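Survey of secondary and tertiary structure
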Amino acid sequence: MNHYVELSNVSFSYPRSKRIIKNITLKLNRSQFTALVGPNGSGKTTLGKLAMGILKPSSGKVFICGKNSTEMTLGEIGKKIGYLFQNPQRQLFALTVAEDIAFSLEWNEHDKAETRRKVTNMLELFQLEHLRNSSPFNLSHGEKERLALAGIFVNHLDYFILDEPTMALDMERKQILSDILEKISSYGIGMLIISHDQDFVNQHADRIIKMSEGEIVYDSTNNLRP
Ligand SMILES: Nc1ncnc2c1ncn2[C@@H]1O[C@H](COP(=O)(O)OP(=O)(O)OP(=O)(O)O)[C@@H](O)[C@H]1O
Ligand SMILES: [Mg+2]
């Protein structure tokens, strides 16, 4: 199956809000790096949450791996798509950084050595080794962001939606993230990245989608222009 996520005539309003997403039809391909861009308030985060099934459409349908998102539990969807929230205000409950990543593992590994191996891989990948035993509460904003990413990538899923992943990262960390994403892409894993970072988008994206006021006004795949 080529389309990992499919939106069909999707509209969405928050309770008592005007229509935020206006009749969007969109197919997100597996194995493609898609960037979602557009001005503040244009509906990017809302669209990302609809694609992930965190929000359900007011009208229209969202299919994740061919299944209607309204018929899937978040646990089920979580095995298909990894999601990074914009400004991750995650519930930090683990005592240490290493434990926090271990808790993020989707399935409870009975094999303790395997869990340790995966956690160590992520600590190395995101340059958090020196913070392994620190409390997540004491991390800097950028370190928290990298911890959130580690908690997502530790689950080897086929698709990721990342909402502004470069926001809190300095140049050096952004380069590290760039390298990681390139590597992940080369494994054939698909991604939807919501970003204001033009350079980052141009560097990575196979496809660029632009939103404005709840509509798609440009899609490089269809060469659709306003
Ligand atoms: N929970 C909510 N209830 C009501 N309105 C909301 C809610 N969340 C977002 N909105 C409104 O929906 C619109 C789209 O918001 P959204 O967060 O999707 O935009 P965005 O493109 O991600 O913006 P940004 O670039 O600033 O992150 C905005 O007008 C926002 O005020
Ligand atoms: Mg947003």
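For the structure itself, consult the block above.
To start, this report covers the structure provided alongside it. What you see is a predicted model; the values in this text were computed from it and never measured. Going along each chain's sequence as written, the residues are numbered from 1 onward. Each chain is given a letter, starting from A, and each ligand a number, starting from 1, according to the order in which they appear as written. Local features are withheld for residues below a pLDDT of 70 in this predicted model, meaning they are given only at 70 or higher, and side-chain atom pairs are given and counted only at 80 or more; totals for whole chains, interfaces and linings count all residues. Just so you know, side-chain values use all the structure's heavy atoms and leave hydrogens and water out.

As for the sheet that holds strand β3 (residues 33-37)
Any two strands with at least two DSSP-identified bridges between them are counted as paired. Numbering of helices and strands runs from the N terminus, with a helix taken as a DSSP run of H or I at least four residues long and a strand as a DSSP run of E at least two residues long. Strand order across the open sheet formed by six strands is β6-β7-β8-β3-β9-β10, with mixed pairing between neighbours. The open sheet has two free edges, formed respectively by β6 (81-84) and β10 (215-219), since each of these has just one partner strand. Mean inter-strand twist for the sheet, computed between neighbouring axes without regard to direction, equals 20°. Pairing analysis gives four bridges linking strand β9 (residues 207-212) to β10, with the strands arranged antiparallel. Across the sheet, Lys210 pairs through a bridge with Tyr218, a residue of β10. By definition in these notes, contact holds between two residues if any of their heavy atoms fall within 4.5 Å. Fitting a line to C-alpha atoms yields each axis, with helices limited to the stretch in contact; the angle taken between N-to-C directions then spans 0 to 180 degrees. Contacts from helix α1 (residues 44-52) reach β3, β6, β7 (159-163), β8 (190-194) and β9 within the one sheet, and its direction differs from that of β6 by about 155°.

A closer look at the coordination of the magnesium ion (ligand 2)
Only nitrogen, oxygen and sulfur atoms within 2.8 Å of the metal, or 3.2 Å for Na, K and Ca, are treated as donors, and water is left out, so sites may look incomplete. Coordination of the magnesium ion (ligand 2) by the protein is provided by Thr45 (OG1) and Gln86 (OE1), with metal-donor distances spanning 2.0 to 2.3 Å. Of this pair, Thr45 sits in helix α1 while Gln86 is found in the loop between β6 and α3 (97-104), placing the two residues 41 residues apart along the sequence.

Examining the packing of α3 against helix α4 (residues 112-125)
Running from N to C, α3 and α4 point in directions that differ by 115°, and their axes come no closer than 9 Å. As for how α3 packs across α4, the hand of that crossing is right-handed. Contacts between α3 and α4 involve Val97, Ala98, Ile101 and Ala102 from the former and Thr115, Val119, Met122 and Leu123 from the latter. Ten residue types, Ala, Val, Leu, Ile, Met, Phe, Trp, Tyr, Cys and Pro, are classed as nonpolar, four, Asp, Glu, Lys and Arg, as charged, and the remainder, Gly among them, as polar. Split by residue class, the contact of α3 with α4 holds seven nonpolar, one polar and no charged. Here a crossing is called left-handed whenever its near helix is offset anticlockwise from the far helix by less than a right angle, and right-handed whenever the offset is clockwise.

Focus: the site of ligand 1
Proximity is defined per residue: if any heavy atom of the residue lies within 4 Å of a molecule or strand, that residue is considered near it. Surveying the vicinity of ligand 1 reveals the residues Tyr14, Ile20, Pro39, Asn40, Gly41, Ser42, Gly43, Lys44, Thr45, Thr46, Gln86 and His196. Here a polar contact means two N or O atoms within 3.5 Å. Within protein one must be a hydrogen donor candidate and the other an acceptor candidate, and residues neighboring in sequence count only if both atoms are side-chain atoms. With respect to ligand 1, the backbone of Gly43 contributes an N or O atom lying 3.0 Å from an oxygen atom. Its free accessible area being 640 Å², ligand 1 has 62% of it covered by the protein chains. Of all the elements, α1 adds the most residues to the shell around ligand 1, at three residues. Of the residues belonging to the shell around ligand 1, the class tally is three nonpolar, eight polar and one charged. Accessible surface is estimated by sampling points in the Shrake-Rupley manner with a 1.4 Å probe; for residues, cover comes only from the protein chains shown.

Overview of the pattern of salt bridges
For salt bridges, the criterion is a side-chain nitrogen of Lys or Arg within 4 Å of an Asp or Glu carboxyl oxygen. Overall, the coordinates contain five salt bridges when judged by the stated rule. In this structure, Arg30 and Asp158 form a salt bridge, with 2.7 Å as the shortest nitrogen-oxygen distance. With a gap of 128 residues between them, Arg30 in the loop between β2 (19-29) and β3 and Asp158 in the loop between α5 (141-153) and β7 connect regions that are remote in the sequence. The buried label goes to any residue with under 20% of its type's maximum accessible area, the exposed label to any with over 50%, and the partly exposed label to all in between, with areas taken from a 1.4 Å probe on protein chains only. When its relative accessible area of 28% is taken as the criterion, Arg30 is described as partly exposed. A relative accessible area of 34% places Asp158 in the partly exposed class.

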